[in-house]
Amino acid sequence: QVQLVESGGGLVQPGGSLRLSCVASGFSFSSYAMSWYRQAPGKERELVADITSGGGRRLYADFVKGRFAISRDNAKNTVYLQMNSLKSEDTAVYYCYGHRSGFSDYWGQGTQVTVSS
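Predicted model, so just to flag it, every value in this text is computed and none were measured. (Residues numbered from 1 in each chain as written. Predicted model: local features only at pLDDT ≥ 70, side-chain atom pairs only at ≥ 80, totals over all residues. Heavy atoms only, no water.)

Q: Looking at this structure, how should I read the sheet that holds strand β8 (residues 78-83)?
A: Sheet strands pair via backbone hydrogen bonds, and the direction of the pair is either parallel or antiparallel. Strands sit in the order β1-β3-β8-β7 across an open sheet of four strands; the sheet is antiparallel. Whereas interior strands pair on both sides, the edge strands pair on one side only; in this sheet they are β1 (3-7) and β7 (68-73). Going across the sheet, the axis of each strand differs from the next one's by a mean of 15°, ignoring polarity. Judged from the six bridges that link them, strand β3 (residues 18-25) and β8 form a sheet pairing that is antiparallel. (Pairing = 2+ DSSP bridges. Helix = DSSP H or I, 4+ residues; strand = E, 2+ residues; numbered from the N terminus. Axes fitted to C-alpha atoms, helices over the stretch in contact; angles between N-to-C directions.)

Shown next, in the form of structure tokens:
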């Protein structure tokens, strides 16, 4: 059974930091690229960051460049999103997503991040 389980969300003040984790099971994690997406109320889901299967390449949405960092540990089947200098507009549900060309893709259930004073 495939599972992607996010954790690490919560309430944080503007300027603060959070580290999200996503633990994968049931598929060949090290063969999959992994992404973080987010969806704010009333808005479409949007890509935040992506990392290749081996971790050698990363890409970021313009709105998080310089503030967020994606990383992975294939030995632990885990992908991370370090979020610094958080802003109120970063408030959203954050999802991890596993994708590999020619194979099924997978979504986690999401973790809520709320940035508020």
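Q: Before we go on, may I ask you to explain the pattern of salt bridges in this structure?
A: Pairing between side chains of opposite charge can happen when the charged atoms of each approach one another. Applying the stated criterion across every chain yields a total of four salt bridges. Residues Lys65 and Asp62 are paired through a salt bridge, measuring 3.2 Å at the closest nitrogen-oxygen approach. No difference in accessibility class separates Lys65 from Asp62, as the two residues are exposed. For the salt bridge of Asp90 with Arg67, the shortest nitrogen-to-oxygen distance reads 2.7 Å. In this pair, Asp90 sits in the loop between β8 and β9 (92-99) while Arg67 sits in the loop between β6 (58-60) and β7, placing the two residues 23 residues apart along the sequence. Each of Arg38, Glu46, Arg67 and Asp90 takes part in a single network of salt bridges with overlapping partners. (Salt bridge = Lys/Arg side-chain N within 4 Å of Asp/Glu carboxyl O. Buried < 20%, exposed > 50% of the residue type's maximum accessible area, 1.4 Å probe, protein only.)

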